[in-house]
Amino acid sequence: MSPIEPEGVRGQSTTRRWRTVRLRTLLIWLAVVPTVAMGTQVTVSAQRLLAQAQELRADVEAAERIGAPLYTLMVDMQAERTATAAQWAGEDGSEGELRARRAATDLAAAEFRRLADDPSRSFGEVTRQLDKLAAYRQRADTRSGAADSTLAYYSEVIGKVIQVYQQEFSHAEDAELAQASRPVVAMLQATEMVAREDTVLALAGPSGELSFVGYDQFVSSLGAQRYLHEALIVPHLAEGDERFYERVVGSADWQTKTRIENAVLSGHKDTVSGIKVPAEVAGWSSAHANFSVQMTTLNIDLARSVLARGEAKAAELQSEVAWLIGGSGGGLLAVVVVVVFTTRSVLRRLHELHVRTVTVAEETLPDVVARLQRGQSVDLATLPAVSGDRDEVGRISDAFARAVAVSVDGHRQLAAERHGFGLFASGIAARTGNLVSRQLSLTEDLQDTFGHDEALLAQLMRSDQLTVGMRRQIENLLILAGGEVPDPHTEPMRVADLLREAAAEVEDFRRIERQALDETSVEPSAISQISHLLAELLDNATRFSPPKAKVVIRAELVADGLSVEIEDRGPRVSPERYEEMNGRLHQAPPYSVLAQNAHRLGLFVVGHLADQLGATVTLRRSVYGGTCAVVVLPGELLLATEAETPREPARREPAPRALPAPEPAAEPAVEPEPAAEPEPAVEPEPLLLTGAGLPSRRTKTPAPAAVPALAARPAPADAPARPALPERVPQTHIADQLRAPRAPETPVRPDTETPEEVADAWADYEQGTQTVEEELRRDQP
C-alpha cells in the first residue's frame, strides 16, 4: 500500500479518516469560526483589561493610603533598633534617645494598625510581628539573652515591611510598572542594609569592639547594599532621579560613609574577644543622619512616580477597551471575507501539492533511485523543481523539492562511490591476482622440478594450498565491490566434480567428505560462482569444527532444484545468532556494515553470490549439534548428465596421498581415510602426471602436447589404498581483471626422461609417501 494514500482508499483506518475530515472541516469552518472567536476574544480581552485597570486603581489607592505610614514605621523601627544597640553597648545618653525612638515607633504602629484593615492584603504578617514589640523591649531593658537575637527581631519586622512593598505595590502583572517599581523596592532594601551597618557600629559602643558575629553582619550588609546600588538601583533610575542620586552619593557625608566602611574592612584588628574597629567610626553617626534624609527623599519621589504611572496606565487600559470594542465590529466583516477566500485557495493548492507529492513519492523517485543503482543517467526534468514561492504552501512544495533533490544527490553520490570503490578494488585485485597467478605457476614448476624431495614436496603443496586461499580472498574483494566471478568453463560439469573442485579450494581439504547422491550437471556459466560459494561455506565449516572432525557435503535433487548441505561438528550457536547470520545472507549490507565486520566477510560473499545465482542459503542447527548450511540452487542452472564415452587414461594409478607439512605440532595430524569408504557417485578419473611423475592440476584448456602414457607399476600388496588428491583447475575462478598478461618467464626445458626413468621416480615417490605415513601413525596417540 502506498505510504501516502489519496482520499477514499479502501481499508483506510477510521482514525485516519476522522483526522482527514477534521482538518478539512476546520479549514472550511474558518469562514464561520472567526466570527465567534473574534467576538469571544474581544469580550475576554475587554474584561481582562478592565479588571487590570481596576486592580491598578486599587493598588494606587492602597499605596496612597497606607504606603506613607508603612514607610514611616520602617524608618522608626530602624532608628529604635540603633538606639537599642547603643543602650546595650553602654553609650552615654542612650536612654533618652531610646525613649524618644520608642514613642515615635508606637505612633507609627498605631497609625498602621488603623489603616491596615483590608484582610485581602498581606498586612497581617506585619501586625503579628508588632504584637511582640513589648516583649523584646523588655528583654532589651533587662539585657536578658544576647543582643544579636533582640536586634534580629527588629530586622525581621523591617523585612516584613519591605516584603509588603514588594508584594502589594510592585505591579508584577504589568511589565512597565514592574520595571518602574523595581528601583523602589531595591532602594528600600539598600536603606535597610545601611541601617544595619549603623546598628552594628552602635553596638560597638565606646570600646569600639565588635563580636565576630557582629563583624560578619557588617561585612555582609556592606556587600549587599553596594550590590543593590550598582546592579538594581542605578541602571533603572529615570533621568531626573539619576541626577538626584548622583548628588547624594557625591556629597561629603556619603564620602565619609564610604571612607569609614573601607576603614572598618581594612583597618580592623583581631582581638581575643572580637574585632577592634578603627577610630574613624566616630564620624559615622553625623554622616548617616545627613545622607539618610536625602535617601528618604529619593525613596518618596520614586514611590510617587510609580503611583503616577499606575494611574496613567489604568486610564490607558480603559481607553484601549473602548477602542477594542469599537474597532472589532468593523473589522469582523473583513475578516470573514478574507478567511473564506483564503480557505478555498489553501484547500485547492494543498490538494494539488498532495497529488504531486504522491506521484513523486510512488512513481518518480523509486524509478530515479533504481536507474541510479543500475548506473544509468537521470532526467532532472522529471524531478520537482524549486519555484521560489514565498507563501507557506509554496515553501512546503519547495522544501519537498529540496528533499527530493538531496535524496537523489545522495543516491547519485552513493552509486558513484560504490562504482569508484569497485574500480579501485578491481585494480588492486588485478595486480594482486597477477602476482598470485605467477606464484601458482611457479609453485607448479617447483613441484615438477623438485618432486623427488619428499619434504620439499610437502611444503610446496602446503604453499600451493595457501596461495589458492589467497586467490579466493582476492575474488571475495571483487565480489563485494559489486563485480562477478567470470566463469571460463565452456562445458557442463558434474555435481561430483563440482564438489571436488570446491573442496580443493579449502586449506584443510582432507577433512571434507563429499557425497553426490544424484548424478546431474551444472551450467557452464555458473560453475565458478557455485564453486566459490561452496568453498566459502566449506572453509567456514572446517575452521569452526574440531581439528579431527569431518565436514560432510552432500548434494541431491529436490523439487526446487539442487540441494547442497554442508554439515559440521562445530560449537553450538544460539537461535538469535542464526537469525543474524541468515540476515547477512539474504540482503546486501552497506559498506559501513562491511567495515564493522571486516573479519567476518565470508557470509556477505556467500549472500552476494546467492543473489547473483538466484539461490537461497540458510544456516541452521544440525542434528549433531553443529551447523548445517543448506544451499538450494534453482533448476535453471542444472542440466541432465549425458552418457560419456569412456576415455582410456594414459595411466590409471591410485592417486597418491598429499604429503602433510613437516610440522605436526602446528597442524593436527589427519588419519588416512580407509579404503572401504569410497565417495558416493564419484568415479575415479584419469590421473595426469607432470614431467617429474607428480600429480598435475587440470588446466583450463587442453595442453598443447599430450603426456606420454606410462607403464603401470603395480603397488605393493601390503600398501594401503590412498585416496585421490583433490584436483583443482587453476585460474578457473579468476576474474577478467586478474587475467593480466604475465611477465615472460624462462621457458621450461623439454622433458628428456624416458618412460623407465619416470616410472622409477614414481616408485621413489610412493616409497617416500609410505614412509611419511608410517611416521605419522607412530606420532599419533
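Residues numbered from 1 in each chain as written. Predicted model: local features only at pLDDT ≥ 70, side-chain atom pairs only at ≥ 80, totals over all residues. Heavy atoms only, no water.

Let's shift gears to the packing of helix H3 (residues 94-115) against helix H5 (residues 133-142). Between H3 and H5, the shortest axis-to-axis distance is 13 Å and the interhelical angle comes to 175°. For the element pair H3 / H5, the angle class is roughly antiparallel. Facing Leu98, Arg102, Thr105 and Asp106 of H3, the residues of H5 in contact are Leu133, Arg137, Ala140 and Asp141. (Axes fitted to C-alpha atoms, helices over the stretch in contact; angles between N-to-C directions. Helix = DSSP H or I, 4+ residues; strand = E, 2+ residues; numbered from the N terminus. Parallel < 35°, antiparallel > 145°, perpendicular 65-115°, else oblique. Contact = heavy atoms within 4.5 Å.)

As a further point, take the packing of aromatic side chains. A complete count under the given rule lists 3 aromatic pairs for this structure. Residues Tyr136 and Tyr153 carry aromatic rings whose centres are separated by 4.2 Å and whose planes lie at 5° to one another, so their mutual orientation is stacked. On the criterion of sequence distance, the pair formed by Tyr136 in helix H5 and Tyr153 in helix H6 (residues 147-168) is long-range, its members being 17 residues apart. Ring geometry for Trp254 and Phe291: centres 5.2 Å apart, planes at 75°, overall edge-to-face. Pair noted here: Trp254 is in helix H10 (residues 252-267) and Phe291 is in helix H11 (residues 284-373), with a separation of 37 residues, a long-range link. Per residue, the accessibility class of Trp254 equals that of Phe291, and both read buried. Within the aromatic cluster, the residues linked to one another by ring pairs are Tyr136, Tyr153 and Tyr154. Lying over the aromatic face of Trp254, Lys257 brings its terminal NZ or CZ to 4.2 Å of the ring centre. Over the ring of Tyr624 we find Arg569, and its NZ or CZ is 4.0 Å from the ring centre. (Phe/Tyr/Trp six-rings, centres within 6.5 Å; stacked < 30°, edge-to-face > 60°. Buried < 20%, exposed > 50% of the residue type's maximum accessible area, 1.4 Å probe, protein only. Lys NZ or Arg CZ within 6 Å of the ring centre and 35° of its normal.)

Here the focus is the sheet that holds strand E6 (residues 521-522). Pairing within the open sheet is antiparallel, and its 3 strands lie in the order E4-E6-E11. Each edge of the sheet is formed by a strand with only one pairing partner; in this case those strands are strand E4 (493-494) and strand E11 (638-639). The sheet contact formed by E6 and E11 spans 2 bridges and is antiparallel. Paired with Ser521 across the strands is Leu639, a residue of E11. (Pairing = 2+ DSSP bridges.)

Our focus in this paragraph is the sheet that holds strand E5 (residues 512-516). Reading across from one edge, E5-E7-E8-E10-E9 is the order of the 5 strands in this open sheet, with mixed pairing throughout. Each of the sheet's edge strands pairs with one partner strand only, and the pair in question is E5 and strand E9 (616-621). Here the strands of the sheet are splayed against their neighbours by 15° on average, with no regard to which way each runs. Two elements, strand E7 (residues 551-558) and strand E8 (residues 561-567), share 7 bridges in a ladder whose sense is antiparallel. Paired with Ile553 across the bridge in E8 is Ile566.

A word on the confidence of the model for the protein. Of the residues in the protein, 74% have a pLDDT of 70 or more, and the chain-wide mean is 75. Contacts for the low-pLDDT stretch residues 1-11, under 50 throughout, to residues beyond four places or in other chains number 13 contacts. (pLDDT = per-residue confidence, 0-100.)

Within the element layout of this structure, Asp92 appears in the loop between helix H2 (33-88) and H3. A relative accessible area of 74% places Asp92 in the exposed class.

Ile530, Leu533, Leu534, Leu538 and Ile566 are the most contacted members of the largest nonpolar core, which has 46 residues in total. Ile566 has contacts with Leu534, Leu537, Leu538, Ala541, Val551, Val552, Ile553, Thr627, Cys628 and Ala629, leaving out every residue within four places of it along the chain. Core analysis: the next-biggest nonpolar cluster, separate from the first, contains 31 residues, Ala180, Val184, Ala186 and Trp254 among them. (Core = buried A, V, L, I, M, F, W, Y, C linked by side-chain atoms within 4.5 Å.)

Taking 1.5 Å as the rise per residue, helix H16 (residues 575-586) with 12 residues should run 16 Å; its terminal C-alpha atoms sit 16 Å apart, in good agreement. Among the residues of H16, Tyr578, Met581, Asn582, Arg584 and Leu585 are the ones counted as buried. For H16, the buried positions fall inside an angular range of 150° around the axis, keeping them on one side. Those residues of H16 that are exposed and aimed more than 90 degrees away from the buried face are Glu576, Glu579 and His586. (Expected span 1.5 Å × (residues − 1). Arc of directions from axis to C-beta.)

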